Amino acid sequence: MSYEAFAYYYDSLMDQNFYNDYIQFINEHVKDYQTVLELGCGTGEIAIRLAHLGKQVCATDISKDMLEVAKYKCIDFKVDVMLSRIDMCDFAVDSQLDLILCLCDSLNYVIDLKNVKQVFENTYNALKKGGSFIFDIDSMYKMETILKDYDEENDEDDFYFHWHVDHLEKGSVKHNVEIIDKVNQERVYEEHLQKTFDIEIYRDLLEKVGFKEIEVGFPSASQTEYDFLRKLIDENSLVIVETDQKGRILKQIENLKIEITDERKYGRANIIFLKLKK
């Protein structure tokens, strides 16, 4: 299912710096782009940032509630973003684009491999010659280890949040999200399915539809997230993780056999110093 009432609480649960990292990554890897299509835009955070940079952005999502939130945010931030309700498995464009984005694990909501291929084919056809497609996915390691039976609960005076993840099969999970807004006397409960496939399967599908220069970021095709973190810690002796989603990070640390050597709090953010357990 697509996001419904949860869409109106989504931003309150996200770290805004998370989106700034995406913008930095985009600008480091794509030069001289002007026209952008975002698939699975959510509440519009990335689209709004790109519009502020002077880009011509069309932001799309299958959730009408996400688009409703995005619409009012575009008004508040005084940016011109075209918003459209689109199923990424079934779209075409009138004019080809410089850049297409599908971020924040949006592609993992496409759980059928045939539909994943269709997304890639639609995207390839919508790009100008020499255009770029940037997407991210949750890795198999994350699905099988970090998210397996993950549970996070936060009960405050005005707000209750419970997120539980059920492992269904290899690479497939169900997110169960409950929110109780104690101020507005509202309860939200939603279930969302996500699935991931091995990196080489995605690469093979990209090549089949015509993509030529394929670059895999973090982690690389030959590394698990654990291998990557271990290499990072071995080379630098210290890793600093800055986040206001402390519960999730601590769960990852436990699974990856990493221990906290120090922790300091600055406002809502936690800066955590890590090293490998001996």
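See the structure above.
Residues numbered from 1 in each chain as written. Predicted model: local features only at pLDDT ≥ 70, side-chain atom pairs only at ≥ 80, totals over all residues. Heavy atoms only, no water.

1. Some points on helix α4 (residues 113-126)
Alright, step 1. Spanning 14 residues, α4 covers 20 Å between terminal C-alpha atoms, matching the ideal 20 Å at 1.5 Å per step.
Alright, step 2. Along α4, the positions that sit buried rather than exposed are Val116, Val119, Phe120, Asn122, Thr123 and Ala126. In a view along the axis of α4, the buried residues occupy a sector of 160 degrees, so they form one face of it.
Alright, step 3. Elements in contact with the buried residues of α4: β1 (35-39), β4 (97-102), β5 (127-135) and α6 (199-209). (Helix = DSSP H or I, 4+ residues; strand = E, 2+ residues; numbered from the N terminus. Expected span 1.5 Å × (residues − 1). Buried < 20%, exposed > 50% of the residue type's maximum accessible area, 1.4 Å probe, protein only. Arc of directions from axis to C-beta. Contact = heavy atoms within 4.5 Å.)

2. Some details on the sheet that holds strand β6 (residues 151-155)
Alright, step 1. Sheet architecture is open: 4 strands sit in the order β6-β7-β8-β9, paired in antiparallel fashion. Bordering the open sheet on either side are β6 and β9 (186-195), each of which pairs with just one other strand. For this sheet, the mean inter-axis angle between neighbouring strands, taken without regard to orientation, is 10 degrees.
Alright, step 2. Relative to strand β8 (residues 172-181), strand β7 (residues 159-169) runs antiparallel, the two sharing 10 bridges. Each bridged residue has a counterpart across the sheet, and for Val165 the counterpart in β8 is His175. (Pairing = 2+ DSSP bridges. Axes fitted to C-alpha atoms, helices over the stretch in contact; angles between N-to-C directions.)

3. Overview of the packing of α4 against α6
Alright, step 1. Contact geometry of α4 with α6 gives a least axis separation of 9 Å together with a crossing angle of 45 degrees. Relative to α6, α4 is oriented oblique. The element α4 and its partner α6 pack so that their crossing is right-handed. Along the contact surface, α4 presents Leu113, Val116, Lys117, Phe120, Glu121 and Tyr124, while α6 presents Ile201, Tyr202, Leu205, Leu206 and Val209. (Parallel < 35°, antiparallel > 145°, perpendicular 65-115°, else oblique. Left-handed = near helix turned anticlockwise from the far one by under 90°.)

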